[in-house]
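Descriptive analysis of the structure
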Amino acid sequence: MPRRVVITGLGVVSPVGSSVEAFWDSLILGKSGIGPITLFDAGGFPIRIAGEVKDLALESVAEAFPEAAACRDRKVFFALAAASQALCDAKLSDDDLGRALLHVGVGLEAFCLDDLTPYADCPDLGSAIVNSVAEGQTGRPLQTPLDVTCRILGDRYGFLGGRYTNCSACAAGTQVIGEAWQMLREGLAEFALAGATDSMLNPLGLGGFSLLRVLSDENDTPQRACRPFDASRKGTVLSEGAAFVTLETLDHALMRRAKVYAELVGYGSSLDAYRVSDPDNTGQGAVQSMSKALAAAGLGADQIDCVNAHGTGTVKNDVVETAAIKEALGPRAYDIPVHAVKSMTGHMVAASGAAEAVAAALTIHKSMVPPTINIDKPDEQCDLDYVADGARSFSGDTVLSNSFGFGGQNATLIFRRYG
Amino acid sequence: MTRSVVVTGVGLVTPLGQSAGEILDRIAAGNTAASKIPYDAGALLCPYYAPVSRFDPDAFFPENKTLRLMNRDAQMAVVAAHIAMEDAGVRADHTYPSEQIALYGSTGVSNMAVEEMSRIIEYAAADDGSLDLRRFGQIALKRVRPVMSFRILANMPICFVSIFENIRGQNAVYTPWEGQGAQAIASGIRAIQRGDVPCALVGSCDVKTRELSLVNLQQLGVFSSWEHHGRGCIPAEGAGFLVLEDQQKAAERGKRAYARIADYAIRSTESSGDLKSTLTSVMLSLQRTSYGAVIAGGDGDAAIDGSERQAFEQAGVNAVEFLRPKSHVGNLFAAAAPVQVALAAELVSHRNAGRPVLANCFGFGTEQASFLLETPCRGES
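Now for a description of the structure that goes with this document. (Residues numbered from 1 in each chain as written. Chains lettered and ligands numbered in written order. Predicted model: local features only at pLDDT ≥ 70, side-chain atom pairs only at ≥ 80, totals over all residues.)

Right, let's get into helix 7 (residues 156-165) of chain B. Residue and element names in this part refer to chain B. Taking burial as the measure, the 10 residues of helix 7 include 9 buried ones, the bulk of the element. Residues Met156, Pro157, Ile158, Cys159, Phe160, Val161, Ser162, Phe164 and Glu165 constitute the buried set of helix 7. Positive backbone phi, at 55°, marks asparagine 166, one or two positions downstream of helix 7. (Buried ≥ 20, exposed ≤ 12 C-beta atoms within 10 Å, placed from the backbone. Helix = DSSP H or I, 4+ residues; strand = E, 2+ residues; numbered from the N terminus.)

Cis geometry is adopted by the peptide bond preceding B:Pro176, which originates at B:Thr175 and carries an omega value of 0°. Position of B:Pro176 relative to the elements: it lies in the loop between strand 5 (171-174) and helix 8 (178-194). Although it is not a glycine, A:Ala169 adopts a positive phi angle of roughly 50°. Looking at the element boundaries, A:Ala169 is found in the loop between strand 5 (163-166) and helix 8 (172-185). Judged by the 29 C-beta atoms lying within 10 Å of it, A:Ala169 is buried.

Bringing the pairing of strand 6 (residues 191-199) of chain A into the picture now. Residues and elements named next belong to chain A. Counting buried residues in strand 6 gives 9 out of 9 residues, a clear majority hidden from the surface. Here strand 6 shows two buried faces, one formed by Phe191, Leu193, Gly195, Thr197 and Ser199 and the other by Ala192, Ala194, Ala196 and Asp198. Pairing of strand 4 (residues 101-106) with strand 6 involves 6 bridges; the strand directions are parallel. Within the sheet, the bridge partner assigned to glycine 105 lies in strand 6 and is alanine 196. Across 9 bridges, strand 6 lies against strand 7 (residues 240-249) in antiparallel orientation. Bridge pairing links glycine 195 to phenylalanine 244 in strand 7. (Pairing = 2+ DSSP bridges.)

Attention shifts here to the packing of helix 11 (residues 284-297) of chain A against helix 12 (residues 315-329) of chain A. All names here are of chain A. Close contact between helix 11 and helix 12 brings their axes to 8 Å; oriented N to C, the two are set at 40°. Regarding the angle of helix 11 to helix 12, the classification is oblique. Note that helix 11 runs across helix 12; the crossing there is right-handed. Facing Ala286, Val287, Met290 and Ser291 of helix 11, the residues of helix 12 in contact are Val320, Glu321, Ala324, Glu327 and Ala328. (Axes fitted to C-alpha atoms, helices over the stretch in contact; angles between N-to-C directions. Parallel < 35°, antiparallel > 145°, perpendicular 65-115°, else oblique. Left-handed = near helix turned anticlockwise from the far one by under 90°. Contact = placed C-beta atoms within 7 Å.)

A few words now on the interface of chain A and chain B. Taken residue by residue, the interface counts 64 residues in chain A and 71 residues in chain B. The set of elements that each furnish at least two residues to the side of chain A that touches chain B consists of helix 5 (113-116), helix 6 (125-134), helix 7 (148-157), strand 5, helix 8, helix 9 (203-211), strand 8 (262-271) and helix 11 of chain A. Ranked by residues supplied to the side of chain A that touches chain B, first place goes to helix 6 of chain A with 8 residues. Residue composition of the side of chain A that touches chain B, by class: 30 nonpolar, 24 polar and 10 charged. (Nonpolar A, V, L, I, M, F, W, Y, C, P; charged D, E, K, R; others polar.)

What follows deals with helix 4 (residues 114-124) of chain B. Buried residues of helix 4 of chain B: B:Val114, B:Met117, B:Ile120, B:Ile121 and B:Ala124, and no others. All buried residues of helix 4 of chain B fall inside an arc of 125° around its axis, so they share one side. Looking at the buried side of helix 4 of chain B, the elements it contacts are helix 5 and helix 6 of chain A together with helix 5 (133-143) and helix 9 (211-219) of chain B. (Arc of directions from axis to C-beta.)

The subject of this paragraph is the environment of A:Leu250. Residue and element names in this part refer to chain A. Locating leucine 250 in the fold gives a position in helix 10 (residues 250-255). When the 17 C-beta atoms within 10 Å are taken as the criterion, leucine 250 is described as partly exposed. For the pair leucine 250 and valine 399, spaced 149 residues apart in sequence, the C-alpha separation works out to 19 Å. Non-local contacts of leucine 250, meaning those with residues more than four positions away in its chain, are made with Arg3, Arg4, Val5 and Val6.

Our focus in this paragraph is the environment of A:Glu327. Residues and elements named next belong to chain A. With respect to the helices, strands and loops of the structure, glutamate 327 is situated in helix 12. According to the C-beta neighbour criterion, glutamate 327 is partly exposed, with 17 such atoms within 10 Å. Along the primary structure glutamate 327 and glutamine 288 are separated by 39 residues, whereas in three dimensions their C-alpha atoms are 9.9 Å apart. Apart from residues lying up to four places away in sequence, glutamate 327 is in contact with Gly283 and Val287.

So, about the pairing of strand 4 of chain A. All names here are of chain A. Most of strand 4 sits inside the fold, with 6 of its 6 residues counted as buried. Residues Leu101, His103 and Gly105 of strand 4 are buried on one face, and the alternating residues Leu102, Val104 and Val106, pointing to the opposite face, are buried as well. Where strand 4 and strand 5 come together, 4 bridges link them in parallel fashion. The residue of strand 5 that forms the bridge with leucine 102 is arginine 163.

Here it is, written out as structure tokens:
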């Protein structure tokens, strides 16, 4: 008999707030976290807006985690801060953590270009880089391995039940929570910390995304730039952040009288196997992901009360996702709120699914649905209730949360009210 | 009751060969794939690497333009995955519905080739060699191929495998060390054991022979054994994939399996923890000490090899034969685990008189794993 699994701790660092309270308050108020890029001089780039994390003192995180001192990557510090919040919120003992699972989703680890440009004129670039860097002339690692966050968190808190570093692109944040749920359900552990972190707000990351033509170039109206499901949407907005949740078997949570935000009841994943650059126009991968999550939860489509959409604001995603939701949920799709957190946070890439899982758990816990902002006139093919008129109260019991990754990886979680 | 999982397909692209049998033959003959790094890399502590020579993805996928979007990691992954699927006789939507085949993979850090990086930095550098962001945004970006992102995102090799093999089932991609490759295999095993899917393609790829990869490894201390002991791991490149199936389903379609995965164990170790204790714990948890053969994790790194030797003693592991493939193939890092398990499967199937084989996936990173492979029970698969 599979075990029941509940969410008992939350942590988030995002462009709309770097605490759970600030994040939630911003979502409910419909505040956008998008603005001009300040992290570097983006003046020469076609895209000059993003969702930057503004209210987290990285120095404070670095002081709390001196073992991260060598890291240059913002996303490591985001993760450490968000994970610490979640563990603090869950109020677990060290004994709980020693046998626990740790699942961390991460994005790309890009080179810092300024390490390499000094060699631009070298006729034998490869040798020049190898010899000068290997001799320690840069004095800092060219790249931080993607498992560094997992290693630091694992060592600090003593996670020895299994450490997983997932790099499933935009689906990573949802996958890590789903994989942790699966393992707790199977009885492989009683407790897990799962979440994801990302920041591609660097020249190479922003440049790479710009080339893909999926970003909104509305540099003069940043807070309006991300408009999921709106007829005039022009693309998504890159952002950054991290989010973590603690998952426990229900028995474990009850035994220690833990606060329960929501029960996680279903997880599904799928692959489009279509193209690396586009979602499958038929949305079958997304339908499969949602259908598998429903089956795992033992729920019918008519038992889903809210959808936390992937909702990126790209021309293709929103139409395909709307069609997929309608196919997966049938007529129920028209009766329930479907909202897009990314309209406010921007696209936190690998971290987005984890942040949206936090939002889904809070939707249930706080009985409120955040809005999708910036919808003036919905796309004709986007004909669901996108909560365009502001946050509203929520009396339902279940929230389905979608993440669809670059490359065709899809993942869905289903949360249910506990108690 | 959980389902029994068997290996029915193996696909390898390694510096020492493209089949488990070929690799074992060459190991037995004392061959090694290592060669001296052919360019001026005097500052590297490790003087050798193990590239795959004569790798030709076009031979497997003629006139497939998608290959041009892919980096070498991904090209190796799609070739190895294709060999494994053909070996198993599994075709998506023929043998099993495409959404009923899971895909779990792992990848290393996706480093750019220097030639590609040079296109970017040439136009991003100011006259004094500093980074000029205006030039980067206004000039360099226009000269970079839009496919750059497809080459550097770490999940892409596995996504390309899904596209090439039309696999649409449950999935995850892990990174970046051998232990994460083992986790991918374990995830496939569990998916079948739970009854989620009858079949899973699991595997990994990694290319650690490029200039930037070598620098990265040195900065991470991976070559420190060379400095202190005059020997160490030899960075390699390649990919390995396994087709895992529900034993009963494989038997129903008349497919002979290489081996049954009787058990596995994965343990985490703290970065500064006692590796020997972790390795001992991993092997002890398999509750067997006597094997026909052991595929050792050892790859030349003095500390890791020493810990494994001590762990063998502490766990009381004995075997007719101990093989150390990485000292011949090189260290495939993220891609090492499926190669280790593939060699174990070949031994069980063809060379080991049916005795069980232990495949250790030990090395850098915090996760250490062992797999126990046996002959499938008579009358089954």
